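# Descriptive analysis of the structure
These are the residues of each chain, in order.
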Amino acid sequence: MEEANKKNLEFIEEVTTNVDEVQKRVLDEILTRNVMVEYLQRLNLNGHTDRETFKKVVPVITYEDIQSDINRIANGDKSPILCSQPVSEFLTSSGTSGGERKLIPTIEEEYWRRSQLYGLMMYVVSQFVPDFDKGKGMYFMFIKSEAKTPGGLLARSVSTSIYKSHQFKSSCRALPYTSPIEAILCLDSYQSMYTQMLCGLYQNREVVRVGSVFASAFIRAMRFLEDHWSLLCNDIRTGTINNKITDPSVREAVMKILKPDLELADFIEVECSKDSWRGIITRLWPNTKYVDAIVTGAMSQYIPLLDYYSNSLPLVSTVYASSECFFGINLNPLCKPSEVCYTLIPTMAYFEFLPIHRSNEVIDSLSTSTPLNEKDKQKLVDLVEVKIGQEYELVVTTYSGLYRYRVGDVLRVAGYKNNAPQFNFIRRENVILSIESDKTNEIELQNAVKNAANNLMPFDARVTDYTSYADTATIPGHYVLFWELSVNASAPIPPSVLEDCCLTIEESLNSVYRQGRTSEKSIGPLEIRIVETGTFDKLMDYCCTSSLGASINQYKTPRCVKLAPLIELLNSRVVSSYFSPMCPKWVPGSKQWSNTD
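Predicted model, so just to flag it, every value in this text is computed and none were measured. (Residues numbered from 1 in each chain as written. Predicted model: local features only at pLDDT ≥ 70, side-chain atom pairs only at ≥ 80, totals over all residues. Heavy atoms only, no water.)

With that out of the way, let us pick up the pairing of strand β12 (residues 350–355). The buried count for β12 comes to 6 of 6 residues, which makes it a mostly enclosed element. Bridging between β12 and strand β14 (residues 391–397) involves 6 bridges; their strand directions are antiparallel. Its bridge partner lying in β14, Leu354 is registered against Glu393. Bridging between β12 and strand β13 (residues 381–382) involves 2 bridges; their strand directions are antiparallel. Bridging across to β13, Phe353 finds its partner in Val381. (Buried < 20%, exposed > 50% of the residue type's maximum accessible area, 1.4 Å probe, protein only. Helix = DSSP H or I, 4+ residues; strand = E, 2+ residues; numbered from the N terminus. Pairing = 2+ DSSP bridges.)

If you want it as structure tokens, here you go:
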């Protein structure tokens, strides 16, 4: 262990000191091995692997620019289109293209890079949390349904790929979790959650860290415990499993762990029966040292609830990663959530940064950026050229065949580790609503509202203005839309019509949202709140006369509000509220892929 720690320390010091040299080497490696692939041949790179030629010849792209190439690979073309190494599978990005998940190609070698970053992260945490590896981790981990492309390649989420890999099974043995692998790999979300919670409770004295990938998933687990603790206590008291758990492999795995324990069952019952659930984590799992979950970006809205349940244990965000690439780690894991910053590890990929040019208007909604054109391309800067306080969109060139690809993440430079900049994650570019892995942008929401408003036409009514927010006071969280209506007919609009409007909006949103609603139950029913006539005039008055500083000449209604005073104003004028009456339609995989489950 001491030798491994020494190597990790030396590696971090070396790559954060010689940042630009490492980045040049990484770009040269990527281009040298892939210089003959079809995509780079089309760009007339002509065998050049130097940074200057690369920047001059290779365009900055989005997913849509290479979607036809990716579709060829998905449909079975095995020629080196984007990468000289075979594509091992597609990782499905939670960002969407045309309402479907993006398919991000990856290669076998990326498993090694992920493992390396994970090892670095564990080393860093060990320096801040003594003996954290002496017990078990109670992590709530879930897989999602996967599909196969016509060419036979798997298409699945990053977490599903990781949890199904032999590397993950090995890591479970090296640093054990309370959840048996069979429970993690169970597609039924109820059975998976129930048995993971049961095993976590049964091994409560061994637990030294708790968490989930997203803060929202961990909050869902705590709410699940609130709703099901009596059933769980009964299982622990009798050493049996509730008959709702029907998966035979899951039952068998849990029964290898579970034995009757009357004292533990009584203890859990006493704690869960108390009026307040404040500090329930430290009460039920007394040796817990921290909560491990992403609490940056959209997940920051869950911090108050995490503090409530955990009695303000440290909230640790460890790794910054996406489907496109694993980027970096938090070198100060015990920092405050508002101060989380990630050091990009320069061996992971070649990084560039597009400066974000903000509009002058600041309300609470979007920061708009200028479109990327030839002039902007020249403004892309390298990792060592970013400036403290400036915001950038991340652009990556990866070993798996993405070249100058816009990830869509907006980062702000917070400081340095040696010569390596450290970044705060600010947001996804253009995303206005998010509960968990879902991402809804302004245009998508606008189209969804337009579709729903058609339901009002027979009643001579229309939506005169609207805004939205992600309500996480409920578990799971849900989208709320505030509608101001103009109704010319004398008869009121039937409630069922407005409920249909809720469902139409949900049906119009992307497949990631619909999967969260339908399969994973990570998003609650969408709600429309009808507000009094004149509400949006009041909203404009508030924004233009308060400290928000909006100019009446430049004001436009924010399509998403986050500031508490604006939400309070809107809620104070609500006259009626309606929820989606059922889940929207969702089928695993897009219409292009066949489901394997």
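Scanning all chains against the criterion turns up 35 salt bridges. With its nearest N and O atoms 2.7 Å apart, the salt bridge here joins Arg42 to Asp69. One end of the pair, Arg42, is in helix α3 (residues 38–42); the other, Asp69, is in helix α5 (residues 63–74), and 27 residues separate them in sequence. You can call Arg42 partly exposed: its relative accessible area is 42%. Across the pair Lys55 and Asp382 runs a salt bridge whose closest N-O atoms are separated by 3.0 Å. Residue Lys55 is located in helix α4 (residues 51–57), and its partner Asp382 is located in strand β13; the two are separated by 327 residues in the primary sequence. (Salt bridge = Lys/Arg side-chain N within 4 Å of Asp/Glu carboxyl O.)

Tracing the chain through its elements places Glu506 in helix α18 (residues 495–508). Residue classification places Glu506 among the buried positions, given a relative accessible area of 0%. At a separation of 2.5 Å, a polar atom in the side chain of Glu506 contacts the side chain of Tyr513. Setting aside chain neighbours within four positions, we find Glu506 in contact with Tyr513, Arg514, Arg517, Gly524, Pro525, Leu526, Ser580, Met582 and Pro584. (Polar contact = N/O pair within 3.5 Å; in protein donor to acceptor, adjacent residues only side chain to side chain. Contact = heavy atoms within 4.5 Å.)

What follows covers empty space enclosed by the protein. For the coordinates displayed, the defined rule picks out 4 cavities of 30 Å³ or more. One number sums up the size of the second largest cavity: a volume of about 80 Å³. Taken together, Leu91, Pro105, Thr106, Glu110, Arg113, Arg114, Ser322, Ser323, Glu324, Cys325, Phe326 and Ser400 form the lining of the second largest cavity. At the level of secondary structure, the elements contributing two or more residues to the lining of the second largest cavity comprise β2 (100–106) and α6 (109–128). Residue contributions to the lining of the second largest cavity peak at 3 residues, all from α6. Among the residues making up the lining of the second largest cavity, the classes are represented as 4 nonpolar, 4 polar and 4 charged. (1 Å grid on protein atoms, 1.4 Å probe; cavity = no way out; pocket = protein on both sides within 12 Å on 5 of 7 lines; lining within 4 Å. Points joined across faces, edges and corners; volume = space filled by probe spheres on them. Nonpolar A, V, L, I, M, F, W, Y, C, P; charged D, E, K, R; others polar.)

Bringing the state of the cysteines into the picture now. Scanning the entire structure with this criterion turns up 0 disulfides. Of all cysteine sulfurs in the structure, the one in Cys341 sits closest to Cys335, which takes part in no disulfide; the separation is 6.4 Å. Cys502 supplies the cysteine sulfur nearest to Cys583, a cysteine that is in no disulfide, at a spacing of 13 Å. Residue Cys583 is classed as partly exposed on the basis of its relative accessible area of 30%. (Disulfide = S-S within 2.5 Å.)

This part is about the environment of Ile435. Structurally, Ile435 can be placed in the loop between β17 (431–433) and β18 (440–441). Spatially, the C-alpha atom of Ile435 lies 7.5 Å from that of Thr472, the residues being 37 residues apart in sequence.

Our focus in this paragraph is the sheet that holds strand β20 (residues 478–487). Taken together, 4 strands build an open sheet; the order of strands is β19-β20-β21-β22 and the sheet is mixed. Both edges of this open sheet fall to β19 (461–471) and β22 (574–579), since each of them pairs with a single strand only. Each neighbouring strand pair of the sheet contributes to a mean axis angle of 25°, computed without reference to strand direction. Strand direction decides the pairing type here: β19 and β20, joined by 10 bridges, are antiparallel. Within β20, the residue paired with Asp465 across the bridge is Glu484. (Axes fitted to C-alpha atoms, helices over the stretch in contact; angles between N-to-C directions.)

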